[in-house]
Amino acid sequence: MIEVRNLVKKYGNHVAVDHLDFTVEKGKIYGFLGPNGAGKSTTMNMITGYIASTEGEILIDGHNILEEPEKAKKCIGYLPELPPLYQDMTVMEYLKFVAELKSIPKAEIEKNISEVMSTTKLDEMKNRLIKNLSKGYKQRVGLAQALLGYPEIIILDEPTVGLDPKQIIEIRDLIKSLGEKHTVILSSHILSEVSAVCDYVLIIDHGRLVASDSPENLSKVMTGANSLELTVKGPEEEIRKALDVVENIEELIYHESMVENACDFTVKIAGDRDVRENIFFALAEAKYPILKMQSTNMTLEEVFLKLTDSGEEKEDAGNL
Ligand SMILES: Nc1ncnc2c1ncn2[C@@H]1O[C@H](COP(=O)(O)OP(=O)(O)OP(=O)(O)O)[C@@H](O)[C@H]1O
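Residues numbered from 1 in each chain as written. Predicted model: local features only at pLDDT ≥ 70, side-chain atom pairs only at ≥ 80, totals over all residues. Heavy atoms only, no water.

All right, on to the overall build of the protein chain then. Tallying secondary structure elements over the protein chain gives 12 helices and 14 strands in all. For the protein chain, whose C-alpha radius of gyration is 25 Å, the value lies well above the compact-globule estimate of 20 Å for 320 residues. A total of 320 residues make up the protein chain; the buried ones form 46% of that total. Expressed as a percentage of contacts within the protein chain between residues at least 6 apart in sequence, the contacts between residues at least 24 apart total 69%. For the protein chain, the exposed area adds up to about 16400 Å²; of that, 49% sits on carbon and sulfur atoms. Averaging the locations of the 36 positively and 53 negatively charged side chains of the protein chain gives two centres separated by 6 Å. (Helix = DSSP H or I, 4+ residues; strand = E, 2+ residues; numbered from the N terminus. Rg over C-alpha atoms; globule rule 2.2 N^0.38 Å. Buried < 20%, exposed > 50% of the residue type's maximum accessible area, 1.4 Å probe, protein only. Contact = heavy atoms within 4.5 Å. Areas by Shrake-Rupley, 256 points an atom, 1.4 Å probe, with all protein chains shown as cover. Lys, Arg positive; Asp, Glu negative; His and termini not counted. Charge placed at Lys NZ, Arg CZ, Asp CG, Glu CD.)

Before going further, it helps to examine the site of the ligand. Taken together, 13 residues form the shell around the ligand, and within it Gly37, Gly39, Lys40, Ser41 and Thr42 come nearest. Separating an oxygen atom of the ligand from a side-chain N or O atom of Asn36 is a distance of 3.2 Å. Between an oxygen atom of the ligand and a main-chain N or O atom of Gly39, the distance comes to 2.9 Å. Alone, the ligand offers 630 Å² of accessible surface; in the complex the protein occludes 60% of this. (Near = heavy atom within 4 Å. Polar contact = N/O pair within 3.5 Å; in protein donor to acceptor, adjacent residues only side chain to side chain.)

Turning next to the nonpolar core. In terms of nonpolar packing, the biggest core is built from 44 residues, with Val91, Leu95, Val141, Leu148, Leu156 and Ile203 touching the most fellow members. By residue number, the principal contributor to this core is helix α3 (residues 91–101), which donates 6 residues. Excluding residues within four positions of it along the chain, Val141 makes contact with Leu85, Val91, Tyr94, Leu95, Leu122, Ile130 and Leu133. Listed in part, the 26 residues of the second largest apolar core include Met1, Phe32, Met46 and Ile185. (Core = buried A, V, L, I, M, F, W, Y, C linked by side-chain atoms within 4.5 Å.)

Its 14 residues give helix α6 (residues 165–178) an end-to-end C-alpha distance of 20 Å, which sits within 8% of 20 Å, the value for a rise of 1.5 Å per residue. Of the positions making up α6, those classed as buried are Gln167, Ile168, Ile171, Arg172, Leu174, Ile175 and Leu178. The buried residues of α6 all sit within an arc of 160 degrees when viewed along its axis, so they share a single face. Facing away from the buried surface of α6 by more than 90 degrees, the exposed residues are Pro165, Lys166 and Ile169. On its buried side, α6 packs onto β3 (29–33), α4 (106–119), α5 (135–147), β7 (153–157), β8 (183–188) and α7 (191–197). A distance of 3.1 Å separates the backbone nitrogen of Lys166 from a side-chain oxygen at the start of α6, and that oxygen is part of Asp164. (Expected span 1.5 Å × (residues − 1). Arc of directions from axis to C-beta.)

Each domain of the protein chain was delimited in the assignment, giving domain 1 (2–220) and domain 2 (225–295). Here domain 1 and domain 2 have C-alpha centroids that lie 46 Å from each other. (Domains from an automatic or database assignment.)

As a further point, take the sheet that holds strand β1 (residues 2–11). The 4 strands are arranged β2-β1-β4-β5 in an open sheet whose pairing can be described as antiparallel. Of all strands in the sheet, those with a lone pairing partner are β2 (14–24) and β5 (63–64), marking the two edges. In this sheet, strand β4 (residues 55–60) lies alongside β1 in antiparallel orientation, the contact comprising 5 bridges. In the strand pairing of β4, Val8 is matched with Glu55. Contacting β1, β2 and β4, helix α1 (residues 40–47) runs over the sheet at an angle of about 120 degrees to β1. (Pairing = 2+ DSSP bridges. Axes fitted to C-alpha atoms, helices over the stretch in contact; angles between N-to-C directions.)

On to a nonpolar patch on the surface. Together, Met258, Val259 and Leu291 give the surface a local cluster of nonpolar side chains, amounting to about 340 Å² of exposed area. The residue Leu291 is located in strand β14 (residues 290–295) in this model. Its relative accessible area of 44% is what places Leu291 among the partly exposed residues. (Patch = residues over 30% accessible without salt bridge, like charges linked within 9 Å, V, L, I, M, F, W, Y side chains within 5 Å. Salt bridge = Lys/Arg side-chain N within 4 Å of Asp/Glu carboxyl O.)

Structure below.
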């Protein structure tokens with residue numbers, strides 16, 4: 001659907017996007033995650049054809065964005081970080097204006113507008129001046145204009161910035177529902193947003209792609225393996241024997257426990273098996289009580305901080 005090859009953007013000597021390579025497949029929601037200044041907006045502006053790249057190429061459904069901009073742009077609906085809304089137009093006037101700009105055939109405009117207004121739940125506001133709408137509704141108008149013309153790909157740059165928590169939930173739900181019919185790319189520096197909404201995450205730092213995978217896999221890959229922290233009451237050797245029957249335990253690493261007469265273990269588990277129930281039954285049968293059992297996969301937040309570990313991101317931590 002979208003192929004980004006060796007993409008570079010330089011502003012003077014400053015490299016804002018540094019040899020990015022990735023592919024976006026049809027029908028998924030992608031999160032483009034990175035700290036402020038990582039190069040997210042610059043990349044989105046290149047994908048949508050707003051700015052030219054210094055090097056590399058972008059193919060949208062097979063069309064090169066610089067060589068066949070009209071065909072490529074027809075596939076994309078874009079909600080920039082600051083959507084260009086005309087404050088003195090009503091919602092309806094503005095959507096008509098955008099539909100004409102997008103060269104939607106006259107006969108289809110009315111049906112198309114009514115569909116996007118229903119998707120974005122704007123019907124009640126259609127005759128309201130945009131300047132009199134709340135920030136949440138303004139964002140819906142931004143989304144509605146992106147959806148006009150039935151583009152297959154929807155690109156959203158920080159779509160929930162500046163919204164209150166209720167509006168954030170509403171816009172997130174809307175984005176999830178868009179994922180049923182469209183390929184969605186969403187940029188954000190907010191981790192919870194990306195893990196709540198996206199099937200796939202691309203993490204970018206200093207213009208480079210530092211990781212790309214599903215949120216779950218990223219957590220697993222970063223710990224190296226699936227592992228558990230276990231505290232069990234009983235002697236080490238006996239507990240080891242009792243756990244011998246549990247399949248897929250690769251290694252049991254002993255640590256001295258703070259709890260009297262108990263042992264702490266890190267349990268390394270093969271692949272992505274879930275062996276918690278088997279451990280429970282094996283130790284229950286041997287009558288060694290489990291005092292603690294905790295999965296130690298990293299959270300996406302920890303993955304993000306580890307991958308983008310530099311001074312400035314520490315400041316960002318408060319926003320996560
Ligand atoms: N027009 C420009 N001229 C010079 N430098 C720019 C320009 N636009 C962006 N930059 C720089 O390029 C880098 C990437 O900026 P970009 O806006 O793409 O980051 P971002 O990840 O979208 O961050 P944010 O979340 O703050 O929008 C930053 O260092 C920024 O200062």
